[in-house]
Amino acid sequence: MKKLILLCAACGLAATAQNVTIDGTATDVFEGSCMTLFKIEGGMGVSVASDTVRNGSFHFDFPVDSGLTYLTLNGDAPGLPPMWRDLYLTPGAKVKVDARDLFIKTWPVESSVGEQAENDRFLYANEDLWALTQKPYIEMTERRNKTVDPNNPDKAVLDKIMADYRKGSAVGDSARKEITKNEANMLRNYPPTSFRLIKMEELSHYNKLYGCGDILREVYATLSDEEKNSESGKHIYSYLYPQKVVEVGDMMADGDFLDLDGNHHSLAGFAGKWILLDFWSSGCYPCIMAIPELASLHDKYAGEVEVVSLSRDPEDPWRGMSEAYQLTGNNWNDMQADRGIHQKYGAEAIPTFVLISPEGRIVRKDSGYGQGMLDRMLNRTINKVQPSYHTESGVRVVNNPEAESNSTYYCLDIERIELSDENTTVVCDVIYNPGWWFQIEDKACLVAGENKYPVTASEGVTLGEKYYVGDDGKAKFKLIFPALPKDVRTVDLNMDDWKIKGIRLAE
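Conventions we followed
- Residues numbered from 1 in each chain as written.
- Predicted model: local features only at pLDDT ≥ 70, side-chain atom pairs only at ≥ 80, totals over all residues.
- Heavy atoms only, no water.
- Pairing = 2+ DSSP bridges.
- Helix = DSSP H or I, 4+ residues; strand = E, 2+ residues; numbered from the N terminus.
- Axes fitted to C-alpha atoms, helices over the stretch in contact; angles between N-to-C directions.
- Core = buried A, V, L, I, M, F, W, Y, C linked by side-chain atoms within 4.5 Å.
- Buried < 20%, exposed > 50% of the residue type's maximum accessible area, 1.4 Å probe, protein only.
- Disulfide = S-S within 2.5 Å.
- Expected span 1.5 Å × (residues − 1).
- Bend = angle between axes of the 7 residues up to and from the residue.
- Contact = heavy atoms within 4.5 Å.
- Left-handed = near helix turned anticlockwise from the far one by under 90°.
- Nonpolar A, V, L, I, M, F, W, Y, C, P; charged D, E, K, R; others polar.
- Arc of directions from axis to C-beta.
- Parallel < 35°, antiparallel > 145°, perpendicular 65-115°, else oblique.
- Salt bridge = Lys/Arg side-chain N within 4 Å of Asp/Glu carboxyl O.

Novice: Quick one: what's the story with the sheet that holds strand S8 (residues 109–111), residue by residue and with numbers?
Specialist: Pairing is mixed across the open sheet formed by four strands, whose spatial order is S4-S1-S7-S8. The strands lining the two open edges of the sheet, one partner per strand, are strand S4 (57–64) and S8. Pairwise comparison of adjacent strand axes, ignoring direction, gives a mean angle of 15° for this sheet.

Structure representation (structure tokens):
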């Protein structure tokens, strides 16, 4: 599934459900590809319908029961950029899409829906710039398919292709900022239609990435009180005038939360206990993966830790997912989507987990999920698993070393470090999703100051090869590095995407 980060804007009055038909024509490159429509719930994409391209065409026919519905059209054809075509639909709408090339963002769309025409007015005013955002991916994929043998890839060729892609992506990022600026300027003199709010909400949501906050705040000041007090208006304000984000070391932020029965709650009611906040959404697969572990922690730490799940979904999907996964306990929602408690904690990526001490102070903030990470984190923090420093047969040993940060979501933990005059051995313990794989590259290294110490050998895994975790989800291996200078007190372990920083080697 392509990554979706555009938020949903739904405007207009409710209407009787009527079927929408979308007919698409496609070039040969899409034959056999899957075309999928997504709606946005809780900031994540949820599949609505899909169809396979056959004989150069695809078709959707499904009910729409709101005044205006926003969906994205995505495809899985080779070389198609991780973007989407915006579609605005009303009950009974008939739409035609021309998937004429790989530049998906600007595929021609014929529609009687007024908001689609307004959207495309903005879109085609920047068509050349949109091409620059998509071209690097298209060219990279084409070069890779033509010049790289997937069974025996030439690493030098692949590295060159990826280096060129990164350069092109930088150009594309600049183009994306220019698009945002151009669209924000178009809003200055735009008539007060419902779509003006939709476009403002979209651009305001991207403000952190692409800027133009000054222009958007100027436009916001011209909105009517009715527009400002609408749901879109409230979202726009929250993006342009964000709340202060609480960080590790700060006292916790609180709110007014509802459970599924309509009862009100606050975090203050758990004073004197540890609190683990779980920021989640129904469209977030890692959020769903975390549910069993959160439930087990609720039982394991009963009376000591309160697990509080905070959904950013509207009521219907929140209620539906809660019933589907039998969520119990502290399952709450402030009904403010991503502008309430989620914004206070800076929980833009989900899932985000925040650990709060019995005194109400934030101890940890982690984004992402891997099986076992929460149990490990609580064990280290609450049970205060202490490192030990001693010598065995002349070898310095550190058990359960402390670290400043761990980007593996505690999937990988360092159990032991042995520091001899000949080498440094790092014993790693892994808890991962059963059947999944990880890979330790031969570029792994220890970093002390400006000095790097590359891995020389391994035991339990083969460097550069995939290691598939068994049914128990557990693995253990050793990485062997050159000996470190005796005065090194902290070191970083770099394993490509996985990094553990500030590993303490001495008391």
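Right, picking up where we left off after that structure.
Novice: Go over the pairing of strand S23 (residues 451–454), please, and point to the residues and values.
Specialist: One ladder, built from four bridges, connects strand S22 (residues 445–448) with S23; its direction is antiparallel. In the strand pairing of S23, Val447 is matched with Lys452.

Novice: Describe the nonpolar core, naming the residues involved and giving the relevant values.
Specialist: Residues Ile22 and Phe30 are the most contacted members of the largest nonpolar core, which totals 56 residues. The biggest single contributor to this core is helix H4 (residues 194–205), with five residues. One finds Val430, Val455, Val469 and Trp498 within the second-largest nonpolar core, a separate group that totals 32 residues.

Novice: Quick one: what's the story with the state of the cysteines, residue by residue and with numbers?
Specialist: Evaluated as defined, the whole model comprises one disulfide. Bridging Cys284 to Cys287, the disulfide has an S-S length of 2.4 Å. Looking down the S-S bond of the Cys284 and Cys287 bridge, the torsion is 80°, so its handedness is right-handed. With no disulfide of its own, Cys445 has Cys428 as its nearest cysteine by sulfur position, at a separation of 13 Å.

Novice: How would you summarise helix H9 (residues 285–300) if you had to cite specific residues and measurements?
Specialist: Here H9 contains 16 residues, and its C-alpha end-to-end distance of 24 Å stays within 8% of the 22 Å for a straight helix at 1.5 Å per residue. Residue Ile291 marks the point of greatest curvature in H9, where the axis turns by about 35°; the proline Pro292 follows within four residues. Looking at the buried positions of H9, the neighbouring elements they touch are strand S11 (274–280), strand S12 (305–311), helix H10 (315–324), strand S14 (352–356) and helix H12 (373–381).

Novice: Account for the sheet that holds strand S19 (residues 412–419), naming residues and giving values.
Specialist: Here six strands make up an open sheet; going across it, the order is S16-S17-S19-S20-S26-S24 and the pairing antiparallel. Every interior strand has two partners, whereas the edge strands, strand S16 (388–392) and strand S24 (457–459), have only one. The sheet shows a mean angle of 20° between the axes of neighbouring strands, direction not considered. Relative to strand S26 (residues 474–482), strand S20 (residues 423–431) is paired through nine bridges, and the arrangement is antiparallel. Residue pairing in the sheet places Val427 in a bridge with Lys478 of S26. Packed onto the sheet, H12 meets S19 and S20 and runs at close to 55° relative to S19.

Novice: Requested: an account of the packing of helix H3 (residues 155–188) against H4, with residues and values cited.
Specialist: Relative orientation of the contacting elements H3 and H4 amounts to 145°, with a least axis distance of 11 Å. In terms of crossing hand, the pair formed by H3 and H4 is left-handed. Facing Thr180, Glu183, Ala184 and Leu187 of H3, the residues of H4 in contact are Arg196, Lys199, Met200, Glu202 and Leu203. Residues belonging to the contact of H3 with H4 are distributed by class as follows: four nonpolar, one polar and four charged.

Novice: Outline helix H6 (residues 213–220), listing residues and values.
Specialist: All of the buried residues in H6 are Gly213, Ile215, Leu216, Val219 and Tyr220. Projected onto a plane normal to the axis of H6, the buried residues spread over an arc of 160° and lie on a single side. Packing partners of the buried residues in H6 comprise H3, H4, helix H5 (207–210), helix H7 (225–228) and helix H8 (231–240).

Novice: Describe the environment of Leu355, with residues and values.
Specialist: Mapped onto the elements, Leu355 comes out in strand S14. Taking the C-alpha atoms as reference, Leu355 lies 39 Å from Glu178; in sequence the two are 177 residues apart.

Novice: Provide a residue-level description of the packing of H4 against H8, including the pertinent values.
Specialist: In contact at an axis separation of 9 Å, H4 and H8 are set at 25° when each is read in the N-to-C sense. Here H4 is positioned roughly parallel relative to H8, judged by the angle of their axes. Classified by chirality, the crossing of H8 by H4 is left-handed. Facing H4, whose interface residues are Leu197, Met200, Glu201, Ser204 and His205, H8 presents Ser232, His235, Ile236, Tyr239 and Leu240.

Novice: With reference to specific residues and values, describe the pattern of salt bridges.
Specialist: Applying the stated criterion to the full structure yields 28 salt bridges. We note a salt bridge from Arg100 to Asp101, for which the minimum N-O separation is 3.7 Å. Look at Arg100 and you get partly exposed, because its relative accessible area is 40%. In this structure Asp101 comes out as partly exposed when scored by relative accessible area, which is 27%. Notably, a salt bridge pairs Lys244 with Asp250, separated by 3.8 Å at the nearest N-O pair.

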